[in-house]
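Coordinate analysis (summary)
Take a look at the letters that make up each chain.
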Amino acid sequence: SGFTVAIVGRPNVGKSTLFNRLLEQRKAIVDDVSGVTRDRQYGIADWAGKVFNVIDTGGFVSRSEDVFEREIRKQVHIAVDEADLILFVCDTTTGITGQDQDMADLLRRSTKPVLLVVNKVDNPERALYATEFYSLGFDNTFMISSISGSGSGELLDEVVTHI
Ligand code: GDP
Ligand code: MG
């Protein structure tokens, strides 16, 4: 029970790093190997006196018949069903990919509020490149660095307004 936030996005964009940042503890497995966190992980975050659940999902992979990837896709759909709010994470270092576009198309059809989180915006130069993500058309777009935590406070401020 309680307000639930799901973190979705393709592998390696930094979902688990963001999950840990939101929880400020080390429960998820974060690794340099793409898509190491396969199953959903649940945690509890608290910001400005408001407590909410956070779900970290495995990566969303489309255009593949691979069973393993299909399983991940299913996990994301389940997480989206369970969530009250979705954090759609992208990676500024790769720019917008086909999988990001597919995910954006899926999420636009969701009735749940979606916040677009452009991650790995570690410095001002990357912030310039990150502006391309506005073209995905989400009203609420946040530039953050999950590694340094920069921008995560503004993101959390917005999350708790939905509770
Ligand atoms: P996931 O597959 O989406 O869960 O991605 P992970 O959280 O496992 O992160 C994938 C890689 O991106 C790891 O090497 C992280 O250290 C790195 N990473 C995550 N967030 C950031 C960030 O804000 N800046 C940079 N430079 N790297 C990041
Ligand atoms: Mg992960």
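Please read these numbers as outputs of a predicted model, since none were measured by experiment.

The next subject is the pairing of strand S1 (residues 4-8). Counting buried positions over the 5 residues of S1 gives 4, a clear majority of the element. Bridge count for S1 against strand S4 (residues 85-91) is 4 bridges, and the pairing is parallel. Looking across to S4, one finds that Ile7 is bridged to Leu87.

Of the residues making up helix H3 (residues 98-108), those classed as buried are Gln99, Asp100, Met103 and Leu107. Each buried residue of H3 sits inside an arc of 100 degrees when the element is viewed along its axis, so together they form one side. When the buried face of H3 is taken as reference, the exposed residues oriented beyond 90 degrees from it are Gly98, Gln101, Asp105 and Arg108. Those residues of H3 that are buried are in contact with S1, S4 and strand S5 (114-119).

So, on to the environment of Gly98. Summarising the element assignment, Gly98 is placed in helix H3. Along the sequence, Gly98 and Gly14 sit 84 residues apart, while their C-alpha atoms lie 17 Å from each other.

Time to look at the sheet that holds strand S3 (residues 50-56). The strand order S2-S3-S1-S4-S5-S6 describes an open sheet built from 6 strands, whose pairing is mixed. What marks the edges here is a single partner per strand, and that holds for strand S2 (41-47) and strand S6 (141-143). Along the sheet, successive strands turn relative to each other by an average axial angle of 25 degrees, direction set aside. The pairing of S2 with S3 spans 7 bridges and is antiparallel. When the sheet's bridge partners are listed, Tyr42 is paired in S3 with Ile55. Against the sheet, H3 touches S1, S4 and S5, its axis set at about 165 degrees to S4.

This next bit is on the nonpolar core. Judged by nonpolar contacts, the single largest core of 39 residues is most densely connected at Ile86, Phe88 and Val117. Setting aside residues up to four positions removed in sequence, Val117 forms contacts with Leu18, Leu87, Phe88, Val89, Phe142, Ile144 and Leu155.

Turning our eyes to something else, we now look at the confidence of the model for the protein chain. Per-residue pLDDT for the protein chain has a mean of 85; in total, 82% of the residues score no lower than 70. Confidence drops under pLDDT 50 across residues 26-38; counting only partners more than four residues distant or on other chains, this segment forms 27 contacts. Model confidence for the complex: the whole-complex pTM is 0.89, and ipTM, which rates the interface, is 0.99.

To continue, consider helix H1 (residues 15-23). Helical periodicity: at 3.6 residues per turn, an α-helix aligns residues three or four positions apart in one direction. H1 sits mainly inside the fold: 7 of its 9 residues count as buried. Turning to H1, its buried residues number three or more, namely Lys15, Ser16, Leu18, Phe19, Asn20, Arg21 and Leu22. Taken together, the buried residues of H1 touch S1, S2, S3, S4, S5 and helix H5 (152-161). Within two residues after H1, Glu24 carries a phi angle of roughly 55 degrees, on the positive side.

Below, the discussion takes up unusual backbone geometry. Of note, the phi angle at Asn12 is positive, near 80 degrees, even though the residue is not glycine. Within the secondary structure layout, Asn12 lies in the loop between S1 and H1. For Asn12, a count of 17 C-beta atoms within 10 Å puts it in the partly exposed group. With phi around 70 degrees, Lys120 is a residue other than glycine that occupies positive phi space. Tracing the backbone through its elements, the reader meets Lys120 in the loop between S5 and helix H4 (124-130). Here Lys120 falls in the buried class, since 21 other C-beta atoms lie within 10 Å of it.

What counts as what
- Residues numbered from 1 in each chain as written.
- Chains lettered and ligands numbered in written order.
- Predicted model: local features only at pLDDT ≥ 70, side-chain atom pairs only at ≥ 80, totals over all residues.
- Buried ≥ 20, exposed ≤ 12 C-beta atoms within 10 Å, placed from the backbone.
- Helix = DSSP H or I, 4+ residues; strand = E, 2+ residues; numbered from the N terminus.
- Pairing = 2+ DSSP bridges.
- Arc of directions from axis to C-beta.
- Contact = placed C-beta atoms within 7 Å.
- Axes fitted to C-alpha atoms, helices over the stretch in contact; angles between N-to-C directions.
- Core = buried A, V, L, I, M, F, W, Y, C linked by C-beta atoms within 7 Å.
- pLDDT = per-residue confidence, 0-100.

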